[in-house]
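Spelled out, the chains give:
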Amino acid sequence: KRKLGRGHQRRLTLESMMRTKYAVPDVVDEKPSAPKKPTTRLDPVDAAFNDVSQQLGVTGAGRRKRIIDRPYAPIPRKHESLLNGDSPEIQNENLRVPAPTLLPEHDGIMKLLLEYDVTREEDLPFWRKKKKKKVLEWATKTEEQQAEAEAERSLNVRRDPLRKIVELGPEPKVKARTVSPSKLADGVLRGDPGLDAPDPIDAAGRLIATLKKKATAYGQTGVNPDTLETLKQALHHDASLEREARLKEMMSCTMTFADLVQSDKVSIQNFNDLIRATAMQGRVEDAMEIHNKMKMFGFEPDSDTYVSLMTGVTFSNPSVAPEFSRQCFLTMRQNLISATEKVYGAMMKAHVVGEDLTSAFALMRKMDDEGLKPNVVVYTTLIDGLVKANKLQIAWDTFYEMRTWKLIQPDEVLFTVMIKACAKNAESEKAVNMLDDMRMCGLYPTDVTYTELIHACAKRADMAHKAFEFYREMKVQDMPLTGHLSEWLLEACGSKGDIGHAYTVVQDMVAANIPLNRRMYTSLIQTFASAMRVPNVTDQEQMRNLRFAWQVVTDMRSRGVMPDTRTLNALVQVYAAAGFSRYAIEMLEQYEPLGCVPDAHTYRILLEMLGRDMKDVGRFFALWQHMVTHTNIRPAPELHHLALQVAMDSRSAQRTVSVMEDMLAAKVFPTVDLIDRLAKVGRTVLEIHQLVGQFIDLNKEVTYRRAKRETDLVKLQIEEQQLRLAPDGLTFETPTPEQESRKRYFDSMKKKGLSDRPYLPYEEWKARKAKGGKYYAERSDRKRVPLVGL
C-alpha cells in the first residue's frame, strides 16, 4: 500500500508493480483514469497487457479501470499451482510475503513475463543483469516424473525401514482408531509385505568386486592391500580388539598334544595355553588328558597349568566351576605345588561365576592366613561379583575398605567396575566423580570405562547429553563402536526422546556392521514414547510416532528378531504417553498372541498412567488388586508410594489403611512428603495412628540392626589388624614409621623454640600477614618522639 494523501490509501496497480519489478524506465500516470497514449514502440509490459487484453476481450481504459478496482493476490509459495491453473484463495499470511501482485485468473500475464525474462534478457538494463545470477526453473514435474520419484522413495524405504524415524514430512490426519493395538498387532502377526528384506548380494559377485578393489588399490599405491590393512590395524590398536582377537584364537584352536610336540614349540607355557584353549571349548576331558601326558613325558605342571584348567572350565561351564577348582587345588597340594595369588584369584573367579560369594570371601581370608596378601585383582573379582549380584552397598563397603585399611590403589578395571555399580542405580553424577578420581590417580579411561560411563548417563534424561559427550571423546581417541556401546547410546536416545541422535547411532552401527538386537529395537520404540512427552508436540506427530513404533516391531519380525515383554512394554508406554489409556490397557490382550507375559514394569506403566496422569482412582485400584491377587508380581517401593498417594487422593480411609498395611508387610517406609500429608489427612483416623506407630517401631529395629552390623565390621577390622601385627611383636598402639618421623620433626621444632609461638586463628594470622593495617603499622612505622614532655 502507498499513501497518496492524508488518510487516503489505494492499492498498487499491476502496471506500477511490474515496472518496479523489471525496472522499465517508463513512468506510471498519477491519474489512471486518463492514461497516456502509447508511443509507437511499446515496452514489454504494455505489449503483455495488450496481448492478454485481446484474449480477455477488454480494451482501452476499461482494462486499466478493471485492474485497479479488482483486488490482487500475491504469488503463492508453490509455483506449480499457478502453472497448473489451480491458484489457491487469498490468505492473510500470504499478504505478508514480498512478491509481485497478480490476479488469480490472469495466468497468461505471468507466462508472458516469464518468457520475456528468459528469452529477452538482452533488453534488460545492466543493473538488472548484474542482480540476476540464476534463472528460476518454474516448470513442474510431469506425471511420469512424479511416479518415478514416488517409486524411488518407496524403494528406499523398503531397503531401509529405519529411515522413517527421522522423516518429518507432513502426515495426513488419521483417526485414533487406526492405531489401535488389535489392528496393528494383527498386521505384525501377518507380516507387512511392504517391508521385505533386500535381496542378498551374490557371493561370487562380491568376491570379484573385492578382488578388483584390491587390484586397483595395489595399482595406485604399489603396496600390498593386506599389508596396508595390517598397518592400519596396528595404528588403531585397542586393548579390547586385542582381547577379542585372543578369545577368537582360543575358540578356534584345533591343535592336539601331538601336534604341539611335532611343531618344535614345546614349552610349559605353550602346554598351558593349549590346556586353556581346550577347556574353554568345553572339552574338559581332553584338557585333563593333556595334563596327564605332560606328566607322562616329563613336563612337570606348575601352578599356571592349574590356573589354565580353572579358567577354561569357568568360561565353558560355570555351574561346575567351583567344585572343579577345589579339586584342582587339592591336586596341587598333593603334587607339592604351592598356591600363588593367581591360583587363589582363579578359584575366587570360579566361585563368583558360580554365584557362591560366601566361599569366595572365605578363600580371601584363607589366602590372608597363608601369608599371601590380596592384590587389586582379587578385590576386583570379588567386587565385580557383588555388583553382578546387585549387592551394591557391600560392594562399596569392600571398595572403601580396600583403599582405607589395605592401602591398595585401584586400577582401571576396578574403577570401571565401580562405575558399573553407579550405572545399576542410575547414579550418573557419582559415575562422573569416579572418572575424576580415576584421572587424579594418574589412570586413563579405556573403551570399557567409557561404555560404562555412557551406560550410567543413559538411564536419565537430564544426563543423556553427557553420554553423547563421552561418545564424541571416544571418536576422537579412535575407539571402536561395539554392540554394548550401541545399546547404551540408543537407551540414552530413548530416555531423552532424541530421534535425530537415534538415527545417527543406527547409521554408525550400519557402517560398523553391527546388527540390531532385541534390546536395541526396544530402545528405538522407547525413543518414540519419550518423544510423545516433548513440550508442544502435536497430535499429528503423536500419530506418526505411534505408527513408527509399530513399524519397528514389524521390522523386528521381518529380520527374525522376536519381540519380548520389554518390547511390548515400550509399546504400552507409547500409548500411555500419547494419552490413549484405553489402548494402553488393551495392549495387555496382545501379550499372549505374541508369546509374552506382562511383568512388573508393565503394571507400573499402567498404574502410573491411571494414578498420576489420569487421576482415575477406581481403575487404578482395580488394576492394583488384579496385580496383587492374580499375579506373582511384587510391587516396587515406588508403586507402594504411588498407591498411598492415590488412596489419600480418593479420601478413603479404608483404602489408605489397606495400602499402609501392605507397605508394612513389605517393609517399605513412606517418604517425607507422604508422612506430612498423612499427618494432615489421617489425624482423626485411629487405625492410621496405630500403623504409624508400627512403622516407627520397624524403623527402630532396622536402624539398630544396620548400626550393629557396621560396628561389628569395624571391630572385626581392628581385630584383624592386631592379628597381622602380632607375629612381628607389635601392637595396635605401636607407632608406625610415619608417626615416628612426625614425632621427631616436632621434637626438633620444640628444641629450636619454634613451637612455643602461640597458635593464632586463621583470620588473625591473615590480618598480621597483610600489608597495611594495625599490625603492619606496629612492625613497619617509625616510632615518634612524644612532644609533651619536652
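Residues numbered from 1 in each chain as written. Predicted model: local features only at pLDDT ≥ 70, side-chain atom pairs only at ≥ 80, totals over all residues. Heavy atoms only, no water.

Undergrad: Looking at this structure, I do not really get the nonpolar core. What am I missing?
TA: Soluble globular proteins: nonpolar side chains tend toward being buried together. Residues F399, I454 and L490 are the most contacted members of the largest nonpolar core, which totals 153 residues. Of all the elements, helix α29 (residues 565-578) adds the most residues to this core, at nine residues. If we ignore the near neighbours within four places in the chain, the residues touching F399 are I383, P410, L414, F415, M418 and M434. (Core = buried A, V, L, I, M, F, W, Y, C linked by side-chain atoms within 4.5 Å. Buried < 20%, exposed > 50% of the residue type's maximum accessible area, 1.4 Å probe, protein only. Helix = DSSP H or I, 4+ residues; strand = E, 2+ residues; numbered from the N terminus. Contact = heavy atoms within 4.5 Å.)

Undergrad: I tried to follow the pattern of salt bridges on my own but got confused; where do I start?
TA: Two side chains with opposite charge may pair up if their charged atoms get near one another. Per the counting criterion, the structure on display carries 26 salt bridges. Between R439 and E473 there is a salt bridge, and its shortest N-O distance comes to 3.8 Å. A residue pair is termed long-range when its members are at least 10 positions apart, and R439 in helix α22 (residues 428-440) and E473 in helix α24 (residues 464-476) qualify at 34 residues. Overall, the relative accessible area of 39% leaves R439 in the partly exposed class. Given a relative accessible area of 30%, E473 falls into the partly exposed group. (Salt bridge = Lys/Arg side-chain N within 4 Å of Asp/Glu carboxyl O.)

Undergrad: Please clarify how unusual backbone geometry should be interpreted in this entry.
TA: Most of the time, phi is negative for any residue but glycine, and the peptide bond is trans. Positive phi, normally seen in glycine, also occurs at N390, with a value near 65°. You can see N390 is positioned in the loop between α19 (376-388) and α20 (392-404). Judged by relative accessible area, N390 falls into the exposed class, the value being 54%. Phi angles above zero are rare outside glycine, and L407 is one such case at about 55°.

Undergrad: Explain helix α28 (residues 539-558) here, please?
TA: The periodicity of an α-helix, 3.6 residues per turn, causes residues three or four places apart in sequence to face the same way. The end-to-end C-alpha separation of α28 is 29 Å, in line with the 28 Å expected for 20 residues at 1.5 Å each. Across the 20 residues that make up α28, a large majority, 14, are buried. Looking at the residues trailing α28, positive phi occurs at G560, about 85°. (Expected span 1.5 Å × (residues − 1).)

Undergrad: Just checking my understanding: could you explain helix α17 (residues 341-353) for this structure?
TA: Taking 1.5 Å as the rise per residue, α17 with 13 residues should run 18 Å; its terminal C-alpha atoms sit 18 Å apart, in good agreement. Taken together, the buried positions of α17 are occupied by V343, Y344, G345, A346, M347, M348, A350, H351 and V352. Here the buried face of α17 lies against α15 (303-316), α16 (321-334), α18 (357-369) and α19.

Undergrad: I keep staring at the packing of α19 against helix α21 (residues 412-424) and nothing clicks. Help me out?
TA: Two packed helices can be described by the angle between their axes and the distance between those axes. Packing of α19 against α21 brings their axes to within 9 Å, and their N-to-C directions diverge by 15°. One element, α19, and the other, α21, form an angle in the roughly parallel class. Like other packed secondary-structure pairs, α19 and α21 cross with a definite hand, here left-handed. Of the residues in α21, those touching α19 at V376, T380, I383, D384, V387 and K388 are V413, L414, V417, M418, K420, A421 and K424. Here the residues of the contact of α19 with α21 are counted per class, giving eight nonpolar, one polar and four charged. (Axes fitted to C-alpha atoms, helices over the stretch in contact; angles between N-to-C directions. Parallel < 35°, antiparallel > 145°, perpendicular 65-115°, else oblique. Left-handed = near helix turned anticlockwise from the far one by under 90°. Nonpolar A, V, L, I, M, F, W, Y, C, P; charged D, E, K, R; others polar.)

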